Amino acid sequence: MTYSQRFPRMAALLAACLLLSLLPGCGDHWRPHTRREVLAYAAEQFPGEHVIVAKDFTDPPPDSGKPSSERIWDCWFADLPDVVFHVGSRRFTGHPAPVMDYSLYHDRDRVFWDHYIEQYRAGVDPLSLWDTAADGDLDFRFSSMADVPQAAEQLRAFYSWFQTQPHAGRPRYASIALDGLPLPAGYPIVRRTSLNIPSASIADPRASFHDPAGMEELCAGMLKTYYTFYRLPCPDFSQEELEAFAHASWDWAWTEGESRATVPHLSQNGQAVPVELFSGIGVVPQAGSGLQFSCLSYGGLFEVLVRLGLEPEGGPEAFTVTGADGAFYEFSYRFTDTDGDGSCWHYMRDGEPVQHTAADGIPALRIASDEFQAITGLTFHKPGT
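Basis of the calculations
- Residues numbered from 1 in each chain as written.
- Predicted model: local features only at pLDDT ≥ 70, side-chain atom pairs only at ≥ 80, totals over all residues.
- Heavy atoms only, no water.
- Helix = DSSP H or I, 4+ residues; strand = E, 2+ residues; numbered from the N terminus.
- Buried < 20%, exposed > 50% of the residue type's maximum accessible area, 1.4 Å probe, protein only.
- Areas by Shrake-Rupley, 256 points an atom, 1.4 Å probe, with all protein chains shown as cover.
- Axes fitted to C-alpha atoms, helices over the stretch in contact; angles between N-to-C directions.
- Parallel < 35°, antiparallel > 145°, perpendicular 65-115°, else oblique.
- Contact = heavy atoms within 4.5 Å.
- Nonpolar A, V, L, I, M, F, W, Y, C, P; charged D, E, K, R; others polar.
- Phe/Tyr/Trp six-rings, centres within 6.5 Å; stacked < 30°, edge-to-face > 60°.
- Pairing = 2+ DSSP bridges.
- Core = buried A, V, L, I, M, F, W, Y, C linked by side-chain atoms within 4.5 Å.
- Salt bridge = Lys/Arg side-chain N within 4 Å of Asp/Glu carboxyl O.

Sorry if this is basic, but what is going on with the overall build of the protein chain here?
What the protein chain contains, in helices and strands, is eight helices and 19 strands. Burial analysis of the protein chain (385 residues in total) assigns 42% to the buried set. Looking at the protein chain as shown, the accessible area adds up to about 20,400 Å², and 54% of this sits on carbon and sulfur atoms.

Even after reading the chapter, I still don't get the environment of Ala 42, so can you show me in this structure?
In this structure, Ala 42 sits in helix 2 (residues 35-45). A relative accessible area of 3% means that Ala 42 is categorised as buried. When the C-alpha positions of Ala 42 and Val 53 are compared, they lie 8.5 Å apart, and in sequence the two are eleven residues distant.

Just to check I follow, could you spell out the packing of helix 5 (residues 215-230) against helix 6 (residues 239-254) for this structure?
Relative placement of two packed helices is described by the angle separating their axes and the distance separating the axes. Their axes nearest at 10 Å, the elements helix 5 and helix 6 cross at an angle of 90°. Compared by their axis directions, helix 5 and helix 6 come out roughly perpendicular. When helix 5 is examined against helix 6, the residues Gly 221, Lys 224, Thr 225, Tyr 227, Thr 228 and Phe 229 are found in contact with a partner set consisting of Leu 242, Phe 245, Ala 246 and Trp 250. For the contact of helix 5 with helix 6, the class distribution of residues is six nonpolar, three polar and one charged.

Please clarify how the packing of aromatic side chains should be interpreted in this entry.
In this description, an aromatic ring pair is defined by two values, namely the gap between the centres and the angle between the planes. By the definition in use, this model includes 32 aromatic pairs. When the ring of Trp 113 is compared with that of Tyr 159, the centres are 6.3 Å apart and the planes differ by 40°; the resulting orientation is tilted. With a gap of 46 residues between them, Trp 113 in helix 3 (residues 108-123) and Tyr 159 in helix 4 (residues 148-162) connect regions that are remote in the sequence. Judged on exposure class, the residue Trp 113 and its partner Tyr 159 are both buried. Aromatic side chains Phe 302 and Phe 319 sit 5.2 Å apart centroid to centroid with 55° between the ring planes, which places their arrangement in the tilted category. Of this pair, Phe 302 sits in helix 7 (residues 298-307) while Phe 319 sits in strand 13 (residues 318-322), and the two are 17 residues apart along the sequence. Summarising the burial analysis for this pair, Phe 302 and Phe 319 share the class buried. Grouping aromatic residues by their ring pairs yields a cluster made of Tyr 226, Tyr 227, Phe 229, Tyr 230, Trp 250, Tyr 298, Phe 302, Phe 319, Tyr 329, Phe 331, Tyr 333 and Tyr 347.

Looking at this model, I keep getting lost on the sheet that holds strand 10 (residues 271-274). Mind explaining?
Paired through backbone hydrogen bonds, the strands of a sheet run either parallel or antiparallel to each other. Read from one edge to the other, the open sheet built from three strands follows the order 10-9-19, with strand pairing classed as antiparallel. In this open sheet, the two strands that pair with only one neighbour each are strand 10 and strand 19 (379-380). Relative to strand 19, strand 9 (residues 262-268) runs antiparallel, the two sharing two bridges. For Ser 267, the partnering residue across the bridge sits in strand 19 and is Thr 379.

Just checking my understanding: could you explain the nonpolar core for this structure?
Most often, soluble globular proteins have nonpolar side chains that are buried together. Residues Trp 130, Phe 158, Met 215 and Trp 254 are the most contacted members of the largest nonpolar core, which totals 94 residues. Among the elements that make up this core, the one with the highest residue count is helix 5 (nine residues). In contact with Trp 130, not counting residues within four places along its chain, are Arg 121, Leu 138, Asp 139, Phe 140, Ala 151, Gln 154, Leu 155, Ala 174, Ser 175, Ile 176 and Met 215.

Sorry, what's going on with unusual backbone geometry here?
Among all residues save glycine, negative phi is the norm, and among peptide bonds the norm is trans. Although it is not a glycine, Arg 231 adopts a positive phi angle of roughly 55°. Within the secondary structure layout, Arg 231 lies in the loop between helix 5 and helix 6. On the accessibility criterion, Arg 231 (18% relative accessible area) is buried.

Teacher, can you tell me more about the pattern of salt bridges here?
Pairing is possible between side chains that carry opposite charge, provided their charged atoms lie close to one another. On inspection of all chains with the given rule, the structure shows ten salt bridges. With a shortest N-O distance of 2.9 Å, Asp 109 and Arg 108 are connected by a salt bridge. The exposure class assigned to Asp 109 is partly exposed, which follows from its relative accessible area of 24%. For Arg 108, a relative accessible area of 13% translates into the label buried. Between Asp 139 and Arg 192 there is a salt bridge, with the nearest N and O atoms lying 3.0 Å from each other. Note that Asp 139 is positioned in strand 6 (residues 138-142) and Arg 192 in strand 8 (residues 192-195), a separation of 53 residues in sequence. Each of Arg 231, Glu 243, Glu 303 and Arg 307 takes part in one network of salt bridges that share partners.

Sorry, what's going on with the sheet that holds strand 6 here?
Spatially, four strands are ordered 5-6-7-8 in an open sheet, and the strand pairing comes out mixed. The sheet terminates laterally at strand 5 (131-132) and strand 8, the two strands that pair on one side only. Pairing of strand 5 with strand 6 involves two bridges; the strand directions are antiparallel. Across the sheet, Thr 132 pairs through a bridge with Leu 138, a residue of strand 6.

This is how it looks when you write it as structure tokens:
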């Protein structure tokens, strides 16, 4: 082999050695941690606490038949030895760069959260209106305000108790969610939000923080949003309350968040449409994208048609109308079909069913859709045109 033939191989070998020599410097810790390092980590994470770390670590079960390089130590507080949490040394492999780094973590918060929920339910209050989700969060589902005050008080009392328990750590969130209603309460309608105690929110990146003290107000707002979007009567609130909420909550969406006299990008016979035409009608901007991808419910469409003078017959839940295009339309929240595991909606045009999928599986139409413009006679032009 000539020198010129050996040189590329030698260069590749030298490059590989150089890369390997750099790997430890790419991360803070390139090998599994020792017990001494775990003790230092525990002292840093729990200052002033007496944490005992088991002498020997354990290996987690093999992942897909491959042995794990992770090390896990049992740990406990000296004054509460029956509650065992864990500190682990876990490997992180960078991508696409071949970085290998071990980091330490602990599960004290989750272990003590589960421990104290069990203790509270067994000896203080069963939290009868709250379930525990798979991730450990408390979960309250509701379709009316009937149980909300009691659920809110249960949550307030539990969080107050939890904060006084030794080594409790950061509490997990509690979720409130609409459930059991006649029409979908999922996206684009907000159906779930999260609660926690104020002291836990200081360094938490989750933006959906709410104080449990405002739980009743949050639940009321979620229900009002649902009923005003579909324009259905609500047993928990008067029509006057719903109307006031609708005007306060929905009008901004038609102006795309700005104070304008007309609805941007929407016109009739070449003239801009005054925003008052849609006042109090629920429209949901999808993912903040504006009217171009927003939708309104069949009930909202009914109210638009009334205000346009097209004289639909029926009510928000079921009606017929001769559209601006001369076709005869029938809309109903009962016009459902089975689509896989869920339901989808259709409407009738001149006696023929029209299946639509543009509104994420809810009985609604997009403002910018051809169907909406044909029925109403309103014209939507894309922003910037």
